[in-house]
Amino acid sequence: MSRTDDMTVGGMDSVIERHARLPFEDHFLLAEAGLDSLSVLRIASELIPDPDQEIDPTGLAAVRTVGDLRQWLHGLLTSVESVR
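Because the structure is a prediction, the values reported are computed rather than measured.

Novice: Got a minute to help me understand helix α3 (residues 37–47) in this structure?
Specialist: Helical geometry note: an α-helix holds 3.6 residues per turn, so side chains three or four residues apart project in the same direction. Every buried residue belonging to α3 is among Ser39, Val40, Ile43, Ala44 and Leu47, and all of these are buried. End-on view of α3: buried residues confined to an arc of 140 degrees, all on one side of the axis. Between a side-chain oxygen at the N-terminus of α3 and the backbone nitrogen of Leu38 the separation is 3.2 Å; the capping residue is Asp36.

Novice: Even after reading the chapter, I still don't get the nonpolar core, so can you show me in this structure?
Specialist: Most often, soluble globular proteins have nonpolar side chains that are buried together. In terms of nonpolar packing, the biggest core is built from 20 residues, with Ile16, Leu35, Ile43, Leu69, Trp72 and Leu73 touching the most fellow members. Contributions of two or more residues to this core are made by α2 (9–19), α3 and α5 (66–83). With 6 residues, α5 is the single largest residue contributor to this core. With near-sequence residues (within four places) excluded, Leu73 lies in contact with Met12, Ile16, Ile43, Ala44 and Leu47.

Novice: I would appreciate a short explanation of the pattern of salt bridges in the present structure.
Specialist: Think of it this way: side chains of opposite charge can pair up when their charged atoms draw near. Following the criterion strictly, the structure yields 3 salt bridges and no others. With a closest N to O distance of 2.5 Å, Arg70 and Asp13 form a salt bridge. Here Asp13 lies in helix α2 and Arg70 lies in helix α5, a separation of 57 residues in the sequence. We classify Asp13 as buried; its relative accessible area is 14%. Measuring nitrogen to oxygen at the nearest pair gives 1.9 Å for the salt bridge that ties Arg18 to Glu46. Of the two residues, Arg18 sits in helix α2 while Glu46 sits in helix α3, which places them 28 residues apart along the sequence. On the basis of relative accessibility, which here comes to 54%, the residue Arg18 falls in the exposed class. Look at the salt bridges and you will find they share partners, linking Asp13, Asp26 and Arg70 into a network.

Reading the values: rules and limits
Residues numbered from 1 in each chain as written. Predicted model: local features only at pLDDT ≥ 70, side-chain atom pairs only at ≥ 80, totals over all residues. Heavy atoms only, no water. Buried < 20%, exposed > 50% of the residue type's maximum accessible area, 1.4 Å probe, protein only. Helix = DSSP H or I, 4+ residues; strand = E, 2+ residues; numbered from the N terminus. Arc of directions from axis to C-beta. Polar contact = N/O pair within 3.5 Å; in protein donor to acceptor, adjacent residues only side chain to side chain. Core = buried A, V, L, I, M, F, W, Y, C linked by side-chain atoms within 4.5 Å. Contact = heavy atoms within 4.5 Å. Salt bridge = Lys/Arg side-chain N within 4 Å of Asp/Glu carboxyl O.

Printed below as a string of structure tokens:
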């Protein structure tokens, strides 16, 4: 089983919840969930502990909502799995 398979929506949400300061739904802007750019990077590093994993700043810049964040994180997890 791959890490992406292990990372269910609930698992990803639990990581996001640890960093969010407010309850959230997919359509909430990151700021509405109490997330800032540093917390987003912390979430990514917690989910993808490989220090060599590159984070595309263009992709990160497009993340505006919690739903966007989930999709972006899923893409990072998928790219890590495809390299293995």
